[in-house]
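Residue strings, one per chain:
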Amino acid sequence: MQIIKPDVNFDFVGKTKAAVILSLVVILIGIGSLVFKGGPNYGIDFAGGTLVQIRFSEPTRAADIKDALKGLKSGDMVVQQIGEEANEFLIRVPETGGELEGLAQKITAALEQTYGAGKVDMRRVEMVGPQVGKDLREKGLLALLYALIGTLIYISWRFEFRFAVGAILALAHDVLVTLGAFSLFNKEIDLPIIAAFLAIIGYSLNDTIIIYDRIRENIGKYGKEGFAGVVNRSINETLARTILTSGTTLLVVVALFIFGGGVIHNFAFALLVGIIAGTYSTIFVASAFVIYWEKRRPGHMEAGLAKRSHG
Amino acid sequence: MTKGFKWRGLLVLVCLVLSLVSLAPTLFRDSLPDWWSKAFDPIHLGLDLQGGMHLVLGVDVDKAVEGRLDSVVDQAENLLREKDVIFKRVDRQAGEQLAITVYDEAAGMQVDALMKENFPSLEPLTITAESGYIQKNYRLSTREVENIKDYAVRQALETLRNRVDQFGVSEPTLQRQGENRILIQLPGVKDPQRAIALLGKTARLEFKMVAEDVDPQQAVKGNLPSGTQLLYERRVDSQTGATTELPIVVQEKTVMTGDLLADAQVRIDTRFNEPYVAMDFNAIGAKRFDQITAANVGKRMAIVLDDTVYSAPVIRERISGGSAQISGSFSEQEATDLAIVLRAGSLPAPVNILEDRTVGPSLGRDSINQGLLSVTIGGLLVILAMTIYYRLSGIVATLALVLNIFFIMAILSLFKATLTLPGIAGIVLTIGMAVDANVLIFERIREELRLGKTVRAALDAGYSKALSSIVDSNVTTLIAALVLFQFGTGPVKGFAVTLSIGIVSSMFTAIFVSRLIFDYFLVHRQVKRLSI
């Protein structure tokens, strides 16, 4: 079976201007949402706080739970239903209560008073102190930074510096789009989301490199078509692969999104957005950028690219 | 390129057998001989999958330094008295310092000499004159402070380990983290609340004489004579179970501490059928206790645990047997836990909870099921897509994929890595990305076939041309995954583990194993047309 005919020749490069506008609009909406909401919506891993997941033996409502917990006098309590049946909830409070009589126990006790003993099953407790939250935030950012530097070095070594810059630009695009989507959909950024961001970075690079690799190969063969022509040809030649791989990856991510359960849900959401953005950015950001660079500094490329054409 | 077909086949076979052997205990736990399951552990599940408790405790090391200074202050006071040096006072000051105030220069010189001789670790500081007195300041050296802090954390780790051992959790993990943090993991713990209470208790046991001449009510209002201390006595109503706290004033000076305990046991008081904790002192402790009780017959002695008075009985007679008891209307579990912490020893400094992640067993089971479900569905969808798109070659890719998952699990079990929920997500993601290598190869082969090459030539060209793309793209992802592994914590690490293993293993299966299968059909079945 074939989805993409072998002689396909879409004019991707010609759509660069429209693509840049689209990307800017999407990113600006995301940034607008971030600014409007006062920064990223950090979950307890990074902001500190307490989160409990509770299953009730009978369905109840978030408002009733809040009522039952009024006595705790917690500032910003968030009660959120998990799943379809209204018997499992996440309760999040910004306080940590580092002392031994944990906040989680107080919450259970208060709920048992309203719902009756034995009707409340505490399934999960997460308490992160502010100091640990700060550490985790710093470590997470460092991990992102090191991953970027490491891949930048590797791509510069395998290709050329400007290709590395194009790749980094593409993945910055993907991370920004995903971050914006998280803000728009009010999703919390937690430790697993950092892992998701790194997976997106990995995926985005992966995708970009496949096309760069093809560009490198085609420059020798079709140099006469001009750089933009070579890039467009390379995108078209790898199109079938791009669609198939993105497709299969999206299939499993959708499976995770639907069946993976509460903890994995946001993680899968990040991957979903990130992979779509990553596929798009490979074509319209990473490839467009090297063309842009070539236009500014022409004639430079062939020598540089030819050097490792069969690396 | 069908050279060494046999050797390559053998390599894959060896990997396969090794994986089967190491995975067998995970797959069929019960039907294997004992030696087998012992040699290869089943895959170790993270706390989020099997349920359990992950705690990070912070040791308040500054308190340990203060404690040490307090005892130096005590010793210095005794020393100066012993040597008949006239001094105004000795006190602890901020900045890891203590100050000795004397009336004249002569006494100051005496103090200098004595301190230098007896406390070499203290650094003398500038002398500040304070309205006619001479104040000698001494500071703990930076190195000494570091030592005290370090020792406090190590001691705390040791004590916590003792407590966990007595609490009875299988395969607990206790680790020092950074300078003053301790990580504790208790898989499958049943009563997290109790575990926290048990671990977090400082368990500093002190015996202090009650200051009978001070009215507690006055003390509550703030009229506290110097040298005394206001504490609260915990009383439990045996009928209602309600606790009340009564103010009680004690001498600040501790006459004895719990360090001298040899053992602590729960006993039942037969008269009231109430549990109490019986303590036995060691030889030194027994002697001390004997002296103290002899000197204070008729007075009340408060038994203080972590600044709460548990009881303050009247000493009726000299106690020379070297045993004492704490009673205070405990429940049986409270008494048991108290005995545990007393036996395990006190923490050198208070601890507080910095991080607590507790997952109940039911949620863990749900997570495993959801994880398995998404792996299965995701895998089936990918297999379906590949088979429809690449027909028989798609089935080769499928075989490589299944083998890949199998290898990932085997490597996890061989390296005793921990499988977590994000780890499962990593495997699912690997499934999606692993087929990429095969997609790249197959697309190349199709291109080569379109150029009119023979099956054999197209295969060769397809594999070799796709290789650089596959390696480059996988290495970059691997870099990201390894960084995650190095700098990530908790869930991030679990994800990085399976992703890294998955990338390496997928390169093996998607390139090496799939090629082997193609070669088999080409050479041994003389296939002339490729279903791709």
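Residues numbered from 1 in each chain as written. Chains lettered and ligands numbered in written order. Predicted model: local features only at pLDDT ≥ 70, side-chain atom pairs only at ≥ 80, totals over all residues.

J.: Now, about the overall build of chain B: what can you tell me, with residues and values included?
T.: Counting secondary structure elements, chain B contains 14 helices and 19 strands. Rg of the C-alpha trace for chain B: 35 Å, well past the compact-globule value of 24 Å for 532 residues, more than 25% over. Viewed in the frame of its principal axes, chain B has a C-alpha envelope of about 105 × 60 × 40 Å. The proportion of buried residues among the 532 residues of chain B is 41%. In chain B, 69% of the contacts between residues at least 6 apart in sequence involve partners at least 24 apart. (Helix = DSSP H or I, 4+ residues; strand = E, 2+ residues; numbered from the N terminus. Rg over C-alpha atoms; globule rule 2.2 N^0.38 Å. Buried ≥ 20, exposed ≤ 12 C-beta atoms within 10 Å, placed from the backbone. Contact = placed C-beta atoms within 7 Å.)

J.: Before we move on, can you summarise the overall build of chain A with the specific residues and values?
T.: Secondary structure summary: chain A contains eleven helices and four strands in total. With respect to the three principal axes, the spread of C-alpha positions in chain A is 80 × 45 × 35 Å. When burial is assessed residue by residue, chain A has 50% of its 311 residues classed as buried. Pairs at least 24 apart in sequence give 78% of the contacts found in chain A among residues at least 6 apart.

J.: Provide a residue-level description of the domain arrangement of chain A, including the pertinent values.
T.: Partitioning chain A into domains gives domain 1 (13–39 + 132–306) and domain 2 (49–128). Look at where the C-alpha atoms of domain 1 of chain A and domain 2 of chain A centre, and you get two points 39 Å apart. (Domains from an automatic or database assignment.)

J.: Explain the nonpolar core to me, using residue names and the numbers behind them.
T.: One finds A:Leu198, A:Leu271 and B:Leu484 to be the most contacted residues of the largest nonpolar core, which totals 230 residues. If you tally residues by element for this core, the top one is helix α10 (residues 262–296) of chain A, at 19 residues. Residues within four places of B:Leu484 in sequence aside, it is in contact with A:Ala143, A:Ala195, A:Leu198, B:Val492, B:Phe495 and B:Ala496. (Core = buried A, V, L, I, M, F, W, Y, C linked by C-beta atoms within 7 Å.)

J.: Break down the interface of chain B and chain A for me, with residues and values.
T.: Listed as interface residues are 62 residues of chain B and, on the opposing side, 62 residues of chain A. Only α7 (192–200), β18 (351–359), α11 (361–414), α12 (421–450), α13 (455–487) and α14 (490–524) of chain B provide two or more residues apiece to the side of chain B that touches chain A. Grouping the constituent residues of the side of chain B that touches chain A by class yields 35 nonpolar, 19 polar and eight charged. (Nonpolar A, V, L, I, M, F, W, Y, C, P; charged D, E, K, R; others polar.)

J.: I'd love a proper account of the sheet that holds strand β4 (residues 120–128) of chain A, names of residues and values included.
T.: Sheet architecture is open: eight strands sit in the order β2(A)-β3(A)-β1(A)-β4(A)-β18(B)-β2(B)-β9(B)-β8(B), paired in antiparallel fashion. What marks the edges here is a single partner per strand, and that holds for β2 (78–81) of chain A together with β8 (173–177) of chain B. The average angle at which neighbouring strand axes cross in this sheet is 20°, direction not considered. (Pairing = 2+ DSSP bridges. Axes fitted to C-alpha atoms, helices over the stretch in contact; angles between N-to-C directions.)

J.: Tell me about the sheet that holds strand β14 (residues 274–281) of chain B, and please be specific about residues and values.
T.: Residue and element names in this part refer to chain B. Pairing within the open sheet is antiparallel, and its three strands lie in the order β13-β14-β17. The open sheet has two edge strands, β13 (261–269) and β17 (323–326), and neither has a second partner. The sheet shows a mean angle of 25° between the axes of neighbouring strands, taken without regard to direction. Across four bridges, β14 lies against β17 in antiparallel orientation.

J.: Run through the packing of helix α7 (residues 191–222) of chain A against α13(B), naming residues and quoting values.
T.: Following both chains from N to C, one finds α7(A) and α13(B) inclined at 160°, their axes separated by 8 Å at the closest point. Here α7(A) is positioned roughly antiparallel relative to α13(B), judged by the angle of their axes. In terms of crossing hand, the pair formed by α7(A) and α13(B) is right-handed. Here α7(A) contributes A:Ala195, A:Leu198, A:Ile201, A:Gly202, A:Leu205, A:Asn206, A:Ile209, A:Ile210 and A:Asp213 to the contact with α13(B), which in turn contributes B:Ser468, B:Ser469, B:Asp472, B:Ser473, B:Thr476, B:Thr477, B:Ala480, B:Ala481 and B:Leu484. (Parallel < 35°, antiparallel > 145°, perpendicular 65-115°, else oblique. Left-handed = near helix turned anticlockwise from the far one by under 90°.)

J.: Residues and numbers for unusual backbone geometry, please.
T.: All names here are of chain B. For Asp 84, which is not a glycine, the phi torsion comes out positive at approximately 60°. Along the chain, the position of Asp 84 falls in the loop between α4 (61–82) and β3 (87–93). Judged by the 7 C-beta atoms lying within 10 Å of it, Asp 84 is exposed. Of note, the phi angle at Glu 171 is positive, near 55°, even though the residue is not glycine. Among the secondary structure elements, Glu 171 is positioned in the loop between α6 (142–167) and β8. A count of 10 C-beta atoms within 10 Å places Glu 171 in the exposed class.

J.: Explain the domain arrangement of chain B to me, and be specific about the residues and the numbers.
T.: Buried accessible area, meaning the area lost when the parts come together, often serves as the stated size of an interface. Once the domains are mapped, chain B shows domain 1 (5–51 + 361–524), domain 2 (62–140) and domain 3 (204–344). When each unit is reduced to the centre of its C-alpha atoms, the spacing between domain 1 of chain B and domain 2 of chain B is 68 Å.

J.: Residue-level account of the environment of B:Thr509, with values.
T.: Residues and elements named next belong to chain B. Of note, Thr 509 is situated in helix α14. With 16 residues separating them in the primary sequence, Thr 509 and Arg 525 have C-alpha atoms 22 Å apart. Residues contacting Thr 509, with those up to four places away along its chain left out, are Ala 400, Leu 403, Asn 404 and Phe 407.

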